[in-house]
Each structure stands twice: as C-alpha cells, then as structure tokens.
Amino acid sequence: MGLTTDPAPPGPLLAPPGTQPPPPTEDPAELRVVPVRHYGRWAAAAAVAVLVAQFAHGLVTNPVWEWHVFADYVLSETIVQAVLVTLQLTAYATVLGFLLGTVLAFMRLSRNPVLQTVAWSYVWVFRSIPMIVQLVFWFNLGALYRELGVGIPFGPVFWSVDSNSLIGTIGAALIGLSLHQAAYAAEIVRGGVLSVDHGQLEAAAALGIPRLRQIRRIVLPQAMRAILPTAGNEIIGLLKGTSVVYVMAIGELFYQVQVVYGRTGRVIPMLMVATAWYVLLTTVLSVAQFYVERRYARGADRTPPPTPLQRLRRLAAARTVPPPVPRPLKEQP
C-alpha cells in the first residue's frame, strides 16, 4: 500500500522571464463604437446641397420665371382642357397599342412562318420610322387613298366612304400613336411570355387545359411581372410623346402652351406650365405602376417591399418609441 498525495491546485501562469504580462482586459461596458468617417461623401453632399440651394434661389429671385403668369395659366380652362385631350390620347393609344401588340407577340411566337414573318415585318417597319413621320403620313392619308371601301379582294366594292370624312385629325393621331406603340408593346409582351418557364405550359397541357385558357390564366399572369416595368416606362413615354401631335394642330397640352406664348410672348412661364403638368401626370402614373407591380408580385414575393405610406408610418413609429435602456453587465465572481 503506497502513499498518495493530492495534486496541488493550479496556480497562476507565470510569464517567461524577460516578457511583460498582458495588459488587463477592458470592461465591456466601457467599449465605445466609433463610426467610420467618410470625408469624401461629406464634401460631395455639401457641394450638391450648395448647387441645389443656388438653383432654388434662382427660381425664387430671377424675374424671368414670372411665377405670377405661371399661377394665372396653370389652372386656366384652356390648359385644363388641353390636359384632358392629352390624357384621352394616352389612354386610347395605350389600350389599342397593347391589344394589337399582344396579338403581334403571339404571332411571333407562333409556329406558322407566315404569322412570324408578318409580325416581325410589322415590328421592324414601325420601329424604324419616327413617330412624327407616321403621324404626318396618316394625317395625309386622303391624298393617297381618296376612298376606303369594303368588297371582294381584287373585285367589286360594295361600300365606300371618303377617307377625309372617315379619318379626322383625332382619328389620324390615334392611328399613328396606336400603331407606333403596338410595335414596342409586341416586344415587351413577347419578352414577358418568354420569361415564363415552358414547364408551366407542359403541365397545363398534361391536365387537358385548352390552349387559350393556358395563355389567359397561366402564362399572362406570370409574365406580367416581367412586362409591367417596361410597359410602365412605355406608357409614360407615350404620355410625353403625345406632344408630337402638335404638328397636326390638335389642342393637346404642348400645342395650347405654344398658342398662348405665341400670343402673349411669355415663353418661359408657359413652358413651366407644361412642365408642371407633365411632371404631375408622370408622377401619378409612376405611383400607379408601383402598386400594380406590387400586386402581381404577390405570388413570387411573400414579403413585398413596403409602400411609401407604410415607410412613413414606420419612420413615425420609430421616432415616437423611446430607445431601449441598456442594462448594466453583471460582475463576474
């Protein structure tokens, strides 16, 4: 039976001779986070702020803007009626253009070579010719075809009407805008349809769903997520593009502004009237595009981005709620 001794309790580790012990650890409660300073960003922000302030100062103090003339005409009856004409041209051309563009898109996606060639040729021609040239051409259609009729091809005509009486100034503008818009809408819709997985159509065909219902209930709802951003840009571009019809003496916004400053000589304030209305209408269309895109993104994005109103509510709530008070750390025994 041997004798045993208990091991001695471990003592503090001794530093090797010639070295200094490590510095004592700081208390975590005394740690301080120092943010990174971005002096370049501050300088750029200051320069931009100075430029914005100078521009705003010029808007207020420069007498050439003539804001009193702007206030007299911005809500005048003539300008409001011109805005309504602009909205009518935009709405009709958008509906007709995208309806025809959808048909052309599916013609290009068809397996029929005749339909593919006709649709491709249409898109090629109407994207190649400037809009103002197309509008002037349709405005002078009566010089090319004095009468338009219905009858047997290459045979007798049963009913005809004078071209000028059938297609007036507004009609020629709508035809030109709609046909021009259809060429771009066809490519937008075709790109959206191609973004849908082909397996969706194969699964629908396996379930015996008719082809037209596949397109209407399966393909187009999924393609809308890819169609809407570009389509919104096209509609906004069409709204501003209606100003081209001034060459046809149609009383839209830009034409009426030209008439007023041609009569009064107030060019700058009247151009600001047109600018203010275009900015307002574009903003309304942009907000509508945001909410429509958000609606069609529900199936793919379970947490859609917050709306501007929701962001304002969260910001207000974050400022009213007091920040949490940090609790002191417990001392180690």
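Residues numbered from 1 in each chain as written. Predicted model: local features only at pLDDT ≥ 70, side-chain atom pairs only at ≥ 80, totals over all residues. Heavy atoms only, no water.

Peer 1: Which residues make up the pairing of strand β1 (residues 147-151), and what are the values?
Peer 2: Summarising the sheet, β1 and strand β2 (residues 157-162) pair through five bridges and their orientation is antiparallel. Each bridged residue has a counterpart across the sheet, and for glycine 151 the counterpart in β2 is valine 157. Counted along the chain from β1 to the antiparallel partner β2, the turn is five residues long, and its residue phenylalanine 154 has a positive phi close to 60°. (Pairing = 2+ DSSP bridges. Helix = DSSP H or I, 4+ residues; strand = E, 2+ residues; numbered from the N terminus.)

Peer 1: I'd like a description of the nonpolar core, backed by residues and values.
Peer 2: Within the largest apolar cluster, 25 residues are counted, with the highest numbers of intra-cluster contacts made by Leu104, Tyr122, Leu177 and Val245. Going through the elements one at a time, α3 (77-108), α4 (113-128), α5 (131-139) and α8 (169-194) are the ones with two or more residues in this core. If one sorts the elements of this core by residue count, α8 sits on top with eight residues. Leu253, Ala274, Trp277 and Tyr278 belong to the second largest nonpolar core, which has 14 residues in total. (Core = buried A, V, L, I, M, F, W, Y, C linked by side-chain atoms within 4.5 Å. Buried < 20%, exposed > 50% of the residue type's maximum accessible area, 1.4 Å probe, protein only.)

Peer 1: Could you give an account of the packing of α3 against helix α10 (residues 211-241), naming the residues involved and the relevant values?
Peer 2: One way to put it is that α3 packs onto α10 with a least axis distance of 12 Å and a crossing angle of 140°. Considering the angle they form, α3 stands oblique to α10. The two elements α3 and α10 cross, and the hand of that crossing is right-handed. Contacts from Thr86, Thr90, Ala93, Thr94, Phe98 and Phe106 of α3 reach α10 at Ile215, Leu220, Ala231, Ile235, Leu238 and Leu239. (Axes fitted to C-alpha atoms, helices over the stretch in contact; angles between N-to-C directions. Parallel < 35°, antiparallel > 145°, perpendicular 65-115°, else oblique. Left-handed = near helix turned anticlockwise from the far one by under 90°. Contact = heavy atoms within 4.5 Å.)

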